Structures are given as C-alpha cells and as structure tokens.
Amino acid sequence: MLLSVQELLNAKENNSFENISTSAVTAVKAEAGYLERVIVGGTFTSAFSLYDNASTSETPIATISASIVPGSIEFGHRFDNGLVVSSQSSDTEITVIYR
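Residues numbered from 1 in each chain as written. Predicted model: local features only at pLDDT ≥ 70, side-chain atom pairs only at ≥ 80, totals over all residues. Heavy atoms only, no water.

What follows deals with the nonpolar core. Of all hydrophobic cores here, the largest spans 17 residues; its most connected members are Leu35, Val38, Phe48, Leu50, Leu83, Val85 and Val96. Within the residue set of this core, elements represented by two or more residues are strand 3 (33-40), strand 4 (48-51), strand 5 (60-64), strand 6 (71-79), strand 7 (83-87) and strand 8 (94-98). (Core = buried A, V, L, I, M, F, W, Y, C linked by side-chain atoms within 4.5 Å. Buried < 20%, exposed > 50% of the residue type's maximum accessible area, 1.4 Å probe, protein only. Helix = DSSP H or I, 4+ residues; strand = E, 2+ residues; numbered from the N terminus.)

Given below as structure tokens:
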C-alpha cells in the first residue's frame, strides 16, 4: 500500500504513548501498528524487552540493556501482532510512542 505525504504526516500526528514505571508485562497495543520510539527516562536495574505479540512468548523486537543512557531510541518499526513491553525492574521509566 502506498501512502501519500499527507497520510504520513497525519499518522505522525496520531501517535499514542504508554508510560511504564513499574516491573510488569504491559500490553501496549493489541493489534498491528507502528513503534515510533522509546524514551528512557532514567537509569534502572534490569533490561526491558519489546515484543511483536500479545505476550512475551516470541523473539523480542529489541531488548534494551539496563546500562543504556537515558534518552530516545528511534525504531520506525512495524509490528503485526500487537506490542508488549516486559520490564523486570521496579525503577523503570519508559515511554513508548506508537500508533
């Protein structure tokens, strides 16, 4: 499917976000979508993973190390089955930007 420039701009304006600040498996979206970026807001004690699935049973899209410097990680990645984030750290501060 080809998208016009205007459709792409409109899609950017329609991003959603999910803030995760605890140890949990969080279902961010239950259907296909687009992972724009992840913002890491601080240091934490465990890695976290993002999955193209409704659970954590598949290979992750990415696993982000606890040693990462706070900032924004650009993905620009389509997911087909849903988006789940798994964090094992109670001091997590992650914001997932998606559509």
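On we go from here.
By secondary structure assignment, the location of Thr92 is in the loop between strand 7 and strand 8. Within the structure, the side chain of Thr92 is placed 2.5 Å from the side chain of Ser87, a separation counted as a polar contact. A distance of 2.6 Å separates a polar side-chain atom of Thr92 from the backbone oxygen of Ser89. When neighbours within four sequence positions are excluded, Thr92 is seen to be in contact with Ile20, Ser21, Thr22, Phe44 and Ser87. (Polar contact = N/O pair within 3.5 Å; in protein donor to acceptor, adjacent residues only side chain to side chain. Contact = heavy atoms within 4.5 Å.)

If you walk across this open sheet you meet the 4 strands as 2-7-4-5, and the pairing is antiparallel. Looking along the sheet, the strands with just one partner apiece sit at the ends: strand 2 (24-29) and strand 5. Each strand axis lies, on average, 15° off the axis of its neighbour in the sheet, ignoring direction. One ladder, built from 5 bridges, connects strand 2 with strand 7; its direction is antiparallel. Directly across from Lys29, in strand 7, lies its bridge partner Leu83. (Pairing = 2+ DSSP bridges. Axes fitted to C-alpha atoms, helices over the stretch in contact; angles between N-to-C directions.)

Pairing within the open sheet is antiparallel, and its 4 strands lie in the order 1-8-3-6. Strand pairing shows two members of the sheet lacking a second neighbour, strand 1 (16-20) and strand 6, which therefore form its edges. Each neighbouring strand pair of the sheet contributes to a mean axis angle of 20°, computed without reference to strand direction. When strand 1 meets strand 8, the two strands line up antiparallel, connected through 5 bridges. Counterpart to Ser16 in the pairing with strand 8 is Tyr98.

Right, let's get into the environment of Thr56. Take Thr56: it is sitting in the loop between strand 4 and strand 5. Classification of Thr56 by relative accessible area gives partly exposed; the value is 33%. Sequence separation between Thr56 and Val84 is 28 residues, and the spatial gap between their C-alpha atoms is 7.0 Å. In this structure Thr56 touches Val25, Tyr51, Val84 and Ser86, once residues within four positions along its chain are discounted.

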